[in-house]
Amino acid sequence: MKTNHRRKKKKMEAAVFILSLVDCCALIFLSVYFIITLSDLECDYINARACCSKLNKWVIPEMVGQCLSTMLMLVSMHWFIFLLNLPVAAWNIYRYVKVPMGNMGVFDPTEIHNRGQLKSHMKEAMIKLGYHLLCFFIYLYSMILALIND
């Protein structure tokens, strides 16, 4: 009876890491998309309005993806990975909630060139890319470990 319960738990653990891995791949793709779009704006290949409307479309899916990964780790009781994900999820929520009234979204075309916001958005996208790559390898290792121990 106990071995059957353990086997189900291990399969569930593997499923959690597979789902987290897929989610992380999507977040890596979004980070790369943000970097490419912001660098296109920096090089004047697109205007600020087009850039911001493209990026604002993906702010909520990015937030949902990060929160999904965080909640999966909380529910499956992987505390270290949960605590690793929590600050990024909280930052994404904070950034979305603190958009000033009248702005187009997190990325606003009237303010993106002011006060070095473009550079800070670019730096944030690069940091998130590095973070998601780190998480990708953690999830991959954990998934392989869960599948081997099954």
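Reading the values: the criteria
Residues numbered from 1 in each chain as written. Predicted model: local features only at pLDDT ≥ 70, side-chain atom pairs only at ≥ 80, totals over all residues. Heavy atoms only, no water. UniProt positions renumbered as here; feature names shortened; annotations may be inferred. Helix = DSSP H or I, 4+ residues; strand = E, 2+ residues; numbered from the N terminus. Expected span 1.5 Å × (residues − 1). Buried < 20%, exposed > 50% of the residue type's maximum accessible area, 1.4 Å probe, protein only. Core = buried A, V, L, I, M, F, W, Y, C linked by side-chain atoms within 4.5 Å. Contact = heavy atoms within 4.5 Å. Disulfide = S-S within 2.5 Å.

- By the naming in an unreviewed UniProt entry, the protein chain is Cornichon family AMPA receptor auxiliary protein 4, taken from Perca fluviatilis.
- Per UniProt, the protein chain carries the Subcellular location (unreviewed entry) text "Membrane".
- Looking at the protein chain in UniProt, the text filed under Sequence similarities (unreviewed entry) is "Belongs to the cornichon family."

1. Concerning helix α3 (residues 59-75)
Along an α-helix, residues three or four apart share an orientation, since each turn contains 3.6 residues.
Thought 1: A rise of 1.5 Å per residue sets the reference length of α3, with its 17 residues, at 24 Å; its end C-alpha atoms lie 24 Å apart and thus fit the reference within 8%.
Thought 2: Every buried residue belonging to α3 is among V59, E62, M63, G65, Q66, S69, T70, L72 and M73, and all of these are buried.
Thought 3: Immediately downstream of α3, the backbone of M77 shows phi near 60 degrees, a positive value.

2. Points about the nonpolar core
Thought 1: If you look at the biggest cluster of nonpolar residues, it comprises 34 residues, and the most contacted ones within it are L38, L41, M73, F107, I112 and Y139.
Thought 2: Counting only elements with at least two residues in this core, the list comes to α1 (2-42), α2 (48-56), α3, α4 (79-97) and α5 (117-148).
Thought 3: With 11 residues, α1 is the single largest residue contributor to this core.
Thought 4: Apart from residues lying up to four places away in sequence, Y139 is in contact with F17, S20, L21, C24, S69, M73, I81 and N85.

3. A look at the state of the cysteines
Thought 1: Applying the stated criterion across every chain yields a total of zero disulfides.
Thought 2: The thiol sulfur of C67 is not disulfide-bonded, and the nearest other cysteine sulfur, from C135, lies at 13 Å.
Thought 3: C67 gets classed as partly exposed once you look at its relative accessible area, which sits at 22%.
Thought 4: Of all cysteine sulfurs in the structure, the one in C24 sits closest to C135, which takes part in no disulfide; the separation is 5.5 Å.
Thought 5: Among the residues examined, C135 registers a relative accessible area of 1% and is labelled buried.

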